[in-house]
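Results of the structural survey
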Amino acid sequence: AQRVTQPEKLLSVFKGAPVELKCNYSYSGSPELFWYVQYSRQRLQLLLRHISRESIKGFTADLNKGETSFHLKKPFAQEEDSAMYYCALSRPSGAGSYQLTFGKGTKLSVIP
Amino acid sequence: NAGVMQNPRHLVRRRGQEARLRCSPMKGHSHVYWYRQLPEEGLKFMVYLQKENIIDESGMPKERFSAEFPKEGPSILRIQQVVRGDSAAYFCASGRLPGLTNYGYTFGSGTRLTVV
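Overview of the structure.

Reading the values: rules and limits
Residues numbered from 1 in each chain as written. Chains lettered and ligands numbered in written order. Predicted model: local features only at pLDDT ≥ 70, side-chain atom pairs only at ≥ 80, totals over all residues. Heavy atoms only, no water. Disulfide = S-S within 2.5 Å. Helix = DSSP H or I, 4+ residues; strand = E, 2+ residues; numbered from the N terminus. Buried < 20%, exposed > 50% of the residue type's maximum accessible area, 1.4 Å probe, protein only. Phe/Tyr/Trp six-rings, centres within 6.5 Å; stacked < 30°, edge-to-face > 60°.

Our next topic: the state of the cysteines. Throughout the structure, instances matching the rule amount to two disulfides over all chains. Through a disulfide, Cys-23 of chain A is tied to Cys-87 of chain A; the S-S separation comes to 2.0 Å. Looking down the S-S bond of the Cys-23 of chain A and Cys-87 of chain A bridge, the torsion is -65°, so its handedness is left-handed. Highlighted residues: Cys-23 of chain A in the loop between β3 (19–21) and β4 (24–26) and Cys-87 of chain A in strand β9 (residues 83–92), separated in sequence by 64 residues. On the basis of relative accessibility, which here comes to 0%, the residue Cys-87 of chain A falls in the buried class. A sulfur-sulfur distance of 1.7 Å marks the disulfide that ties Cys-23 of chain B to Cys-92 of chain B. Taking the torsion about the sulfur-sulfur bond, which here is approximately -50°, the covalent link between Cys-23 of chain B and Cys-92 of chain B counts as left-handed. Note that Cys-23 of chain B is positioned in strand β3 (residues 19–24) and Cys-92 of chain B in strand β9 (residues 88–95), a separation of 69 residues in sequence. As far as the burial class goes, Cys-23 of chain B and Cys-92 of chain B line up, both buried.

Next comes the structure, spelled out in structure tokens:
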């Protein structure tokens, strides 16, 4: 069965410091991976999709199939990055849907 | 475009009552997913619907839970005879296509159900 693990429940960094939010997955097929972000009192928003290989708000994530990881990185943290971050894996189900399997999330706190 | 609208934002029910959660997808979206987030957990898939059809309900509890997405009106997630363990945040997501668009799903703000 597929699984997404985010080992850190809470990550605190100082403003300007590098950020790495860890995500590991287990999935027997070809994974499609995402990072979602939830700012305080706001809805869940898509941050990154590994297939598009784009950089959003300075964040990047590289899929490492050998290590089954999809860590989220940013070289210089900003206060507005403080939020809840969820790693998610998409898989097609036999019933025609594309379910997302989420990790438990990491709360990033950027200290001024 | 108002985005995916969920209501109510907060819902309090006594044990044994019914809870009805509504989700209005984005304009032009005919695919709806429901997810549940228990305290300290990630979101977990419940059900996927298209207009008037349940496509995949493999994540739905077998009893007390049902979902619909009528031709007109919002999608409804219905929980009968609620118990304390049903207390959670319920999120709806919508899309134009069955799979994921370049921008993934669009999520609503969720309904936080508290069973007392």
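Turning to the packing of aromatic side chains, a few remarks are in order. A complete count under the given rule lists twelve aromatic pairs over all chains for this structure. Taken together, a centroid distance of 5.8 Å and an interplanar angle of 55° make the contact between Tyr-36 of chain A and Phe-102 of chain A tilted. Taken as a pair, Tyr-36 of chain A in strand β5 (residues 32–38) and Phe-102 of chain A in strand β10 (residues 98–102) lie far apart in primary sequence, 66 residues in all. Of the two residues, Tyr-36 of chain A and Phe-102 of chain A, both sit in the buried class. A network of ring pairs unites the aromatic residues Phe-34, Tyr-36, Tyr-86 and Phe-102 of chain A together with Tyr-33, Tyr-35, Phe-45, Tyr-48 and Phe-107 of chain B as a single cluster.

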